[in-house]
Amino acid sequence: MKHSILLPYRAPQNVVILANQRFQATTFDRELSVDEIIALAKEKKTEGIVVVPKQKITKDVIDKLPDSVKVIATCSVGFDHLEIPAAKARGILLTNTPDVLTECTADIAMLLLLNACRRGREYMQIMESGWRKAFSQSDMLGLKVSGKTLGIYGMGRIGQAVADRARGFGMKIIYCNRRRLPAELEKGATYFSDFNEMLPHCQILSLNAPGTAETKHIINDETLALLPNNSVFINVARGSLVDESALIRALKSGKLFAAGLDVFENEPAYNLELKELHNVFLTPHMGSATQETRDAMGYRALENIEQALKGQRPQDSLW
Ligand code: DGY
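Residues numbered from 1 in each chain as written. Predicted model: local features only at pLDDT ≥ 70, side-chain atom pairs only at ≥ 80, totals over all residues. Heavy atoms only, no water.

Novice: So what about the sheet that holds strand 5 (residues 93-95)? Which residues, and what values?
Specialist: Hydrogen bonding along the main chain pairs the strands of a sheet, whether they run parallel or antiparallel. Read across the open sheet, the 5 strands follow the order 2-1-3-4-5; overall the sheet is parallel. The open sheet has two free edges, formed respectively by strand 2 (24-28) and strand 5, since each of these has just one partner strand. Looking at each pair of strands side by side, their axes are set apart by 15° on average, direction ignored. Each of strand 1 (4-10), strand 2 and strand 3 (48-51) is contacted by helix 2 (residues 34-44), which is oriented at about 155° to strand 1, the strand it contacts most. (Pairing = 2+ DSSP bridges. Helix = DSSP H or I, 4+ residues; strand = E, 2+ residues; numbered from the N terminus. Axes fitted to C-alpha atoms, helices over the stretch in contact; angles between N-to-C directions. Contact = heavy atoms within 4.5 Å.)

Novice: Residues and numbers for the nonpolar core, please.
Specialist: Formed by 53 residues in total, the largest nonpolar core has its most connected members in Ile5, Leu7, Leu113, Leu150 and Leu302. Here the element with the most residues in this core is helix 5 (residues 102-117); it accounts for 8 residues. Summarising the domain contributions, this core has at least three residues from each of domain 1 (4-100 + 291-309) and domain 2 (102-282). The contact partners of Ile5, leaving out residues within four places of it in the chain, are Ala19, Phe23, Gln24, Ala25, Thr26, Thr46, Gly48, Leu302, Ile305 and Leu309. Judged by nonpolar contacts, the second largest core, of 31 residues, contains Leu205, Val242, Ala250 and Leu251. (Core = buried A, V, L, I, M, F, W, Y, C linked by side-chain atoms within 4.5 Å. Buried < 20%, exposed > 50% of the residue type's maximum accessible area, 1.4 Å probe, protein only. Domains from an automatic or database assignment.)

Novice: Hey, could you go over empty space enclosed by the protein for me, with residue numbers and the actual values?
Specialist: Under the criterion given, the structure shown has 1 cavity of 30 Å³ or more. Space inside the largest cavity adds up to approximately 70 Å³. Asn115, Ala116, Arg119, His278 and Asn279 are the residues nearest the centre of the largest cavity, which is lined by 13 residues in total. Listing elements by their share of the lining of the largest cavity, those giving two or more residues are helix 5, helix 6 (120-128), strand 11 (256-261) and strand 12 (280-282). Class assignment for the residues of the lining of the largest cavity results in 6 nonpolar, 4 polar and 3 charged. (1 Å grid on protein atoms, 1.4 Å probe; cavity = no way out; pocket = protein on both sides within 12 Å on 5 of 7 lines; lining within 4 Å. Points joined across faces, edges and corners; volume = space filled by probe spheres on them. Nonpolar A, V, L, I, M, F, W, Y, C, P; charged D, E, K, R; others polar.)

Novice: Kindly report on the domain arrangement of the protein, identifying the contributing residues and their values.
Specialist: Reports of interface size often rely on the accessible area that becomes lost once the parts have come together. Domain annotation of the protein identifies domain 1 (4-100 + 291-309) and domain 2 (102-282). Between the C-alpha centres of domain 1 and domain 2 there is a distance of 32 Å. Each side of the interface is counted separately: domain 1 has 7 residues, and domain 2 has 6 residues. The contact between domain 1 and domain 2 buries some 560 Å² in all, and 44% of this surface belongs to carbon and sulfur atoms. Seen at the junction of domain 1 and domain 2, the total is 2 salt bridges. Asp99 serves as the salt-bridge partner of Arg157, at 2.7 Å between the closest nitrogen and oxygen. Across the side of domain 1 that touches domain 2, the residue classes break down as 3 nonpolar, 2 polar and 2 charged. (Buried area = accessible area lost by both parts, 1.4 Å probe. Salt bridge = Lys/Arg side-chain N within 4 Å of Asp/Glu carboxyl O.)

Novice: Give a description of helix 13 (residues 291-309) that names residues and reports values.
Specialist: Its 19 residues place the ends of helix 13 27 Å apart at the C-alpha level, agreeing with the 27 Å of an ideal helix rising 1.5 Å per residue. Every buried residue of helix 13 is accounted for by Thr293, Asp295, Met297, Gly298, Arg300, Ala301, Leu302, Asn304, Ile305, Gln307, Ala308 and Leu309. On its buried face, helix 13 sits against strand 1, helix 1 (13-22), strand 3, strand 4 (71-74), strand 5 and helix 5. Of the residues trailing helix 13, Gly311 is marked for its positive phi of about 90°. (Expected span 1.5 Å × (residues − 1).)

If you want it as structure tokens, here you go:
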């Protein structure tokens, strides 16, 4: 008898195939609301649910789920949309998908970094409008990436992968993290226990920490003022880390040379003022969005569900 699971969003085809092989899976070609998920879980006596970050699994949702539900697996490394204490109180296991998206998320951080420093968006706009006027030696200049000091806030798996890539560009790495890394992971990077002390040294700053109460609006008027003039800001973590109004002020005043953003305070209805600024390079929360990685995330979520329903502690258990 196969276990009953729900995939209440449009999963990649390979993930749907695996889900149907291993489980009694109910799959969809659109993202369901949490009310629809609750109703279906009751109707299908669902034991496992795979969710995506837009599906907010709050205490209210968890309390309404039937007793048949034993595990909820989010297809993301971030889990700020899951209320862990409420799930724990009901004995519902929660899992995420770390590791498998590290490389692609670090790649998109570099995509943003290079485009922000080298004015990728403006160059593209010039080409799209038919580029007929030659530039002088002093027009449309970007910032040299090689040799710059990159500050990384949050030196977990993704932060370390960004550092590895940046070393390939001859960048100097400094970082701020709750704990200092052992030498073999630090690889010569300079540790700051205090974020504010690191900021004046960051020619480029990359956020790679989770969205938590502690990290909310860590980027604000005060912290932006501590960055060197003409610095560059990159965010592939969560929009909640940034006071976007303060960021916009810093981009308009020229304090920041540019920003590269994959995440926003409000998604998908992001602040449209950002797109009016010439010095931002924007992507729509696509850090993990490659064919290979989205398959791997789906497979990992299914593995977690399988482990949980076998009575094991899943490899990516969040409590
Ligand atoms: C993650 O995995 O947390 C990505 O940001 C997708 O939401």
